[in-house]
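What follows is the residue order along each chain.
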Amino acid sequence: MLTKTVDWLPYLPQGLDKEKLYQIFKEKAEAVPVKVIRAKDKAEAEDSIVQEMKVAGIKNAVGVPMDLVDIEAIKEKAKAAGITVSSELNRDIIEKAEFGISEFDLGIADTGTIVQDADSIHKRLVSMLPPIHLAVIPTKAIVETFLDSLEVIQKAYKGNPSNYIAYITGPSRTADIERVLTIGVHGPATLIVVCVD
Amino acid sequence: MPVDSVLKAKVNKALSDPVLRGALGKFGDEFPISRARVYEGIDFEELRTAIANAKKEVIEDFEALADQFEANLKKRGAIVHRAKDGNDVYRILKDIAKAHNAKVCVKSKSMVSEEIHLNEHLKDTMEMVETDLGEWIIQQVNEKPSHMVMPAIHLSKERCAEIFSQALGRKVEPDISQMVQLARQTLRNHFLNADIGLSGCNAAIAETGTMVMFTNEGNGRLTATMPPVHVFLVGYEKLLKNFKDLALLAKALPRSATAQALTSYVTLISGPVETLKDKVGPEVVHKELHVILVDNGRRELLTDPVFKEAGQCTRCASCLNVCPVYQLVGGHVFGHIYAGGIGSLLTGFFNSLKETDHVQEMCISCGRCAAFCPGKIDIPRLILEMRNRVRKEIPLPGMQNFIVNTLKRRGLFQFGLRQASWATALFAKEGKDGNKYIRSLPFGFNRLANWRSLPAFSSQPFRERIKTMKQEVVNKRGKVAFFGGCVIDYAYPEIGESLVRVLNREGYEVVYPDQTCCGAPAIYMGSMDVAREVAKQNINEFAKDEFDYIVSACPTCTVALKDQWVQVLKGTDSEAKAKQVSAKTLDFIKLVSNLRKEKGGALKETAATTHVATSQQINVTYHDSCHLNWDLGVKEEPREVLKAQSHINFIEMNESDRCCGFGGSYCIKLPEISQELLKRKLKNIEESKAQIVAVDCPGCLMNIRGGLDKQGSNVKALHTAQLLDGKY
């Protein structure tokens with residue numbers, strides 16, 4: 001069973017050039033900056049996620065149930081590296097966690113953006129509170145423009161979009177003091193996107 | 001023409017604030033470059049036309065769209081309120097706070113809340129915590145935002161560190177990343193404990209009942225997620241008709257505001273979202289979502305036949321970012337709550353005409369902002385309309401009023417200008433470049449001249465000189481009517497003579513119809529009525545079939561003849577004549593460029609009868625006069641014509657299209673600002689290493705020539721007509 005209330009994939013524009021869009025997405029996202037990783041299947045994606053946790057040197061991560069990867073498998077693989085992964089909807093655990101994992105529904109090549117139906121409080125908390133956020137998206141769900149993403153949403157929800165749709169482009173940032181760009185204000189300072197084929 | 005001493009004091013304080021000058025100056029230099037980069041590959045004209053059209057549709061139908069927006073939200077379980085002013089908003093929020101026994105309210109950015117001084121009015125009800133970093137900083141010291149997007153741009157990191165130290169009760173170093181981390185930690189607790197979240201909104205989509213926030217820090221997401229109650233403050237002008245219209249805003253707003261392709265977060269909320277019960281869960285419940293549609297002058301704005309155009313604003317603040325005056329003084333001088341050009345318009349409706357008086361006075365009418373506005377608003381023109389409205393309520397001081405009214409008494413006006421020639425002659429001496437300047441003025445008038453030399457008036461105005469000029473028309477093609485304008489007529493008649501000779505060589509006879517002031521000074525001083533009188537006095541002499549073209553060598557006059565006469569004479573019996581004049585009017589350099597192109601594409605002059613030795617190569621740079629460049633869209637023509645002269649080495653100076661600071665009566669009203677703008681212009685001219693700076697506006701010429709004389713420069717300032725004539 002899908003973890004999502006509405007599946008966006010059937011509503012993607014026809015004839016997308018997957019490879020080309022992935023390349024643009026990667027280039028634009030890296031400029032923001034986002035770390036972009038490509039995984040050919042579920043197992044490879046799960047391994048990459050655990051690898052990223054090890055690179056970050058973290059001990060506590062949180063995640064939500066997902067379709068593209070198996071949160072239980074991630075827990076197992078992380079455990080071997082001495083990392084605890086919780087998928088419990090517990091505000092204080094999520095708030096103290098160093099790493100959050102969630103699944104997004106779509107990518108936008110033009111701006112290196114990821115898009116999610118974020119009505120679920122659980123999905124929002126894991127992507128907002130920890131200092132590092134890792135999102136998995138289906139590689140085939142990268143559209144070209146912001147307008148394309150709105151059209152997918154319009155169709156998928158039959159004109160009644162979900163109560164909360166989130167667009168994320170890079171880490172949390174500010175330039176409010178002397179216009180000096182500083183990463184990581186209220187949201188994550190690091191964003192990693194794993195594109196799963 | 002002094003403006004009041006309160007404004008003067010504010011201007012002087014800002015000009016002597018090195019932190020403000022440094023921050024704004026640096027930003028002003030960098031913004032246009034990064035903005036241009038992020039718009040690469042996008043047709044800005046096409047995009048902003050689409051935005052303006054979408055917004056116009058909303059403006060015409062905003063009541064119905066507001067109803068649709070409300071109905072859609074109610075279907076989803078949101079509670080929608082309508083507030084006619086700040087008092088209504090306070091009452092609604094106090095009721096919500098009371099119902100939830102709320103102690104803390106976290107706020108993400110909302111300009112509406114600033115506009116109605118919300119924090120001040122709610123502080124006894126609950127603790128109001130700003131969570132946008134810049135807003136939080138200025139909240140600690142009770143300041144107003146000085147910029148719509150970057151509210152604390154006027155503060156240095158050292159000042160921010162002091163504010164942090166005081167707020168947190170411990171020593172904080174002026175280290176920006178450390179301060180950002182401290183803000184994260186401090187505000188995180190507020191987010192976890194807050195009872196109410198309050199947000200502003202960038203777009204309100206009627207079709208789906210969706211509120212959209214563009215944010216970078218992530219505080220908007222937390223405000224919408226953590227507290228059990230969420231309140232949106234939505235201005236009517238934020239409405240969009242269709243869901244897909246959001247793509248237009250997403251393409252323009254971040255690019256024009258912060259030169260980003262997209263902000264870090266774009267949040268779309270269409271109903272009460274999930275949250276944790278009692279803030280901690282684990283039970284999941286739905287939030288209570290309140291939406292307050294705020295009027296506070298917006299309905300009046302959106303139904304005003306002239307000012308509804310300001311409803312096309314996206315609040316990107318790029319009009320501030322490119323404004324040469326804003327860059328000098330910031331939003332606490334050039335602004336009330338909303339700053340800069342658009343701020344002077346919004347303040348007139350959201351606050352009052354009185355409160356916008358000082359704000360609108362700051363605009364020098366250079367027109368630069370209009371070229372950058374993604375809502376395609378003619379901000380400079382609307383500011384003149386606003387000035388006209390303000391002046392009806394708050395008349396000009398006695399002396400200024402006398403001057404404006406003298407314009408419509410043509411006999412007295414011409415008499416005064418003639419007397420100026422012998423009066424200025426008493427104080428005139430020749431300068432290095434051979435021109436006559438006033439060297440000292442009595443009775444404290446020196447203030448007008450001590451930062452740049454003023455020209456002595458000519459002993460014989462152009463209107464007399466043309467009568468005795470022998471016109472040698474080569475292969476006659478037609479007849480041109482010349483509108484001289486006061487500066488050429490009385491101060492620089494030699495420019496008029498050059499124009500006649502250049503046009504004669506192009507095959508045109510030049511006639512000088514009886515004329516008085518074009519009326520522009522009255523418009524820029526806020527008196528449309530005087531401008532209308534003056535236009536009427538001129539119109540019959542120019543609306544004649546015998547003229548193939550009407551030409552002026554002063555772009556400000558050209559704008560008056562081409563656009564402003566049509567506006568002020570609309571609905572009078574002279575309307576048709578104004579349109580006839582408008583259709584034939586061209587600025588001198590545009591006419592020369594057109595005529596030479598007609599002759600077969602060669603811009604090079606065929607009849608080489610120039611008076612100076614053209615064997616000698618000269619280095620020439622060009623200053624773009626604001627009204628020629630920004631209002632009339634003439635930018636390439638003077639360059640093409642000058643480059644086609646074989647003896648001219650054309651050099652492009654830095655910031656050629658930046659205002660020189662003249663601004664007509666502005667340099668008398670706010671000489672402190674004009675002086676700063678001129679300083680920068682002169683620096684750019686000197687650095688270009690040109691021997692001659694060519695300009696197309698006699699006002700800019702007076703200003704730049706006077707500035708060059710004052711600093712003993714070897715660079716000569718000439719009108720393009722003189723340069724093409726070769727006699728100088």
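Some remarks on the overall build of chain B
Line of reasoning, step 1. Each helix and strand counted, chain B has 36 helices and 23 strands in total.
Line of reasoning, step 2. Taking 27 Å as the expected radius of gyration for a compact globule of 728 residues, we find that chain B reaches 28 Å, a close match to that expectation.
Line of reasoning, step 3. The dimensions of chain B, computed from C-alpha atoms along their principal axes, are 95 × 55 × 50 Å.
Line of reasoning, step 4. Here chain B holds 728 residues, and 62% of them are scored as buried.
Line of reasoning, step 5. For chain B, the share of sequence-separated contacts (at least 6 apart) that also reach a separation of at least 24 residues comes to 77%.
Line of reasoning, step 6. Summed over all atoms, the accessible surface of chain B reaches about 26500 Å², with 51% contributed by carbon and sulfur.

Considering unusual backbone geometry
Line of reasoning, step 1. The omega torsion of the bond from A:Val32 to A:Pro33 falls at 10°, within 30 degrees of zero and hence cis.
Line of reasoning, step 2. In this model, B:Gly281 is joined to B:Pro282 through a cis peptide bond whose omega is 5°.
Line of reasoning, step 3. By the secondary structure assignment, B:Pro282 is in the loop between β10 (274–276) and β11 (284–286).
Line of reasoning, step 4. With phi around 50°, A:Lys158 is a residue other than glycine that occupies positive phi space.

What about the sheet that holds strand β3 (residues 84–86) of chain A?
All names here are of chain A.
Line of reasoning, step 1. The six strands are arranged β1-β12-β7-β4-β2-β3 in an open sheet whose pairing can be described as parallel. Edge positions in the sheet fall to β1 (35–39) and β3, since each of these pairs with one other strand and no more. Neighbour to neighbour, the strand axes of the sheet diverge by 20° on average, direction disregarded.
Line of reasoning, step 2. Relative to strand β12 (residues 190–196), strand β7 (residues 132–138) runs parallel, the two being bridged by seven bridges. By the bridge assignment for β12, isoleucine 132 is matched with threonine 190.
Line of reasoning, step 3. Strand contacts of helix α3 (residues 71–80): β2 (60–63), β3 and β4 (99–103), with the helix running at about 160° to β3, the strand carrying the most contacts.
Line of reasoning, step 4. In this fold helix α5 (residues 121–128) packs onto β2, β4 and β7, with an angle of close to 135° to the strand it touches most, β4.

Structural notes on the environment of B:Glu288
Residue and element names in this part refer to chain B.
Line of reasoning, step 1. Within the element layout of this structure, glutamate 288 appears in strand β12 (residues 288–294).
Line of reasoning, step 2. Each C-alpha atom, one on glutamate 288 and one on alanine 78, is 7.1 Å from the other, the two residues being 210 residues apart in sequence.
Line of reasoning, step 3. When neighbours within four sequence positions are excluded, glutamate 288 is seen to be in contact with Ile79, His100, Pro228, Val229 and His230.
Line of reasoning, step 4. Looking at glutamate 288, its side chain comes within polar contact range of the side chain of histidine 290, at 2.6 Å.

Some points on the nonpolar core
Line of reasoning, step 1. Of all hydrophobic cores here, the largest spans 90 residues; its most connected members are A:Met53, B:Phe164 and B:Met211.
Line of reasoning, step 2. Among the elements that line this core, the one with the most residues is helix α10 (residues 176–193) of chain B, at eight residues.
Line of reasoning, step 3. Sequence-distant contacts of A:Met53, that is, excluding residues within four places in its chain, are made with A:Ile58, A:Ala61, A:Ile74, A:Ala78, A:Ile83, A:Val85, A:Phe99 and A:Ile101.
Line of reasoning, step 4. Counting residues in hydrophobic clusters, the runner-up holds 88 residues, among them A:Ala141, A:Val143, B:Val11 and B:Val149.

Quick look at the packing of helix α3 (residues 44–60) of chain B against helix α12 (residues 246–258) of chain B
Residues and elements named next belong to chain B.
Line of reasoning, step 1. Contact geometry for α3 and α12: axes closest at 10 Å, N-to-C directions at 115°. Both α3 and α12 take part in a crossing whose hand is left-handed. Note on element contacts: α12 touches α3 through Leu248, Lys251, Ala252 and Ser256, opposite Phe44, Leu47, Ala50, Ile51 and Ala54.
Line of reasoning, step 2. A class-by-class count of the residues in the contact of α3 with α12 yields seven nonpolar, one polar and one charged.

Remarks on the pairing of β7(A)
Residue and element names in this part refer to chain A.
Line of reasoning, step 1. Counting buried positions over the seven residues of β7 gives seven, a clear majority of the element.
Line of reasoning, step 2. Neither face of β7 is exposed, since Ile132, Leu134, Val136 and Pro138 on one face and His133, Ala135 and Ile137 on the opposite face are all buried.
Line of reasoning, step 3. Here β4 pairs with β7 via five bridges, running parallel. Each bridged residue has a counterpart across the sheet, and for isoleucine 101 the counterpart in β7 is leucine 134.

Some words on the state of the cysteines
Think of a disulfide as a covalent bridge from one cysteine sulfur atom to another cysteine sulfur atom.
All names here are of chain B.
Line of reasoning, step 1. Tallied over the entire structure, the rule returns zero disulfides over all chains.
Line of reasoning, step 2. This cysteine, cysteine 363, is not joined by any disulfide, and cysteine 369 carries the nearest cysteine sulfur, 6.5 Å off.
Line of reasoning, step 3. Sulfur of cysteine 369: no disulfide; nearest cysteine sulfur belongs to cysteine 319 and is 5.9 Å away.

What about the side chain of A:Arg173?
Line of reasoning, step 1. When you line up the elements, A:Arg173 lands in strand β10 (residues 173–174).
Line of reasoning, step 2. Here A:Arg173 occupies a buried position and makes no salt bridge, while the nearest side chain of opposite charge, B:Glu217, is found at 10 Å.
Line of reasoning, step 3. Within the structure, A:Arg173 has its side chain in polar contact with the backbone oxygen of A:Val32 (distance 2.5 Å).
Line of reasoning, step 4. A distance of 3.2 Å separates polar atoms of two side chains, one belonging to A:Arg173 and the other to B:Ser264.
Line of reasoning, step 5. Excluding residues that lie within four positions of it along the chain, A:Arg173 makes contacts with A:Val32, A:Pro33, A:Leu181, A:Thr182, A:Ile183, A:Gly184, A:Val185, B:Asn216, B:Glu217, B:Gln260 and B:Ser264.

Observations concerning the domain arrangement of chain B
All names here are of chain B.
Line of reasoning, step 1. Domain annotation for chain B reports domain 1 (1–38 + 307–394), domain 2 (39–294) and domain 3 (462–725).
Line of reasoning, step 2. The straight-line distance from the C-alpha centre of domain 1 to that of domain 3 is 27 Å.
Line of reasoning, step 3. Taken together, the contacts link 30 residues of domain 1 with 29 residues of domain 3.
Line of reasoning, step 4. Here domain 1 packs against domain 3, burying approximately 2500 Å² in sum over the two surfaces, 62% of which is carbon and sulfur.
Line of reasoning, step 5. Remark: the boundary between domain 1 and domain 3 carries four salt bridges.
Line of reasoning, step 6. In this structure, glutamate 676 and arginine 21 form a salt bridge, with 3.0 Å as the shortest nitrogen-oxygen distance.
Line of reasoning, step 7. No other element matches the seven residues that helix α19 (residues 379–393) contributes to the side of domain 1 that touches domain 3.
Line of reasoning, step 8. Of the residues belonging to the side of domain 1 that touches domain 3, the class tally is 15 nonpolar, five polar and 10 charged.

Rules used throughout
- Residues numbered from 1 in each chain as written.
- Chains lettered and ligands numbered in written order.
- Predicted model: local features only at pLDDT ≥ 70, side-chain atom pairs only at ≥ 80, totals over all residues.
- Heavy atoms only, no water.
- Helix = DSSP H or I, 4+ residues; strand = E, 2+ residues; numbered from the N terminus.
- Rg over C-alpha atoms; globule rule 2.2 N^0.38 Å.
- Buried < 20%, exposed > 50% of the residue type's maximum accessible area, 1.4 Å probe, protein only.
- Contact = heavy atoms within 4.5 Å.
- Areas by Shrake-Rupley, 256 points an atom, 1.4 Å probe, with all protein chains shown as cover.
- Pairing = 2+ DSSP bridges.
- Axes fitted to C-alpha atoms, helices over the stretch in contact; angles between N-to-C directions.
- Polar contact = N/O pair within 3.5 Å; in protein donor to acceptor, adjacent residues only side chain to side chain.
- Core = buried A, V, L, I, M, F, W, Y, C linked by side-chain atoms within 4.5 Å.
- Left-handed = near helix turned anticlockwise from the far one by under 90°.
- Nonpolar A, V, L, I, M, F, W, Y, C, P; charged D, E, K, R; others polar.
- Disulfide = S-S within 2.5 Å.
- Lys, Arg positive; Asp, Glu negative; His and termini not counted.
- Salt bridge = Lys/Arg side-chain N within 4 Å of Asp/Glu carboxyl O.
- Domains from an automatic or database assignment.
- Buried area = accessible area lost by both parts, 1.4 Å probe.

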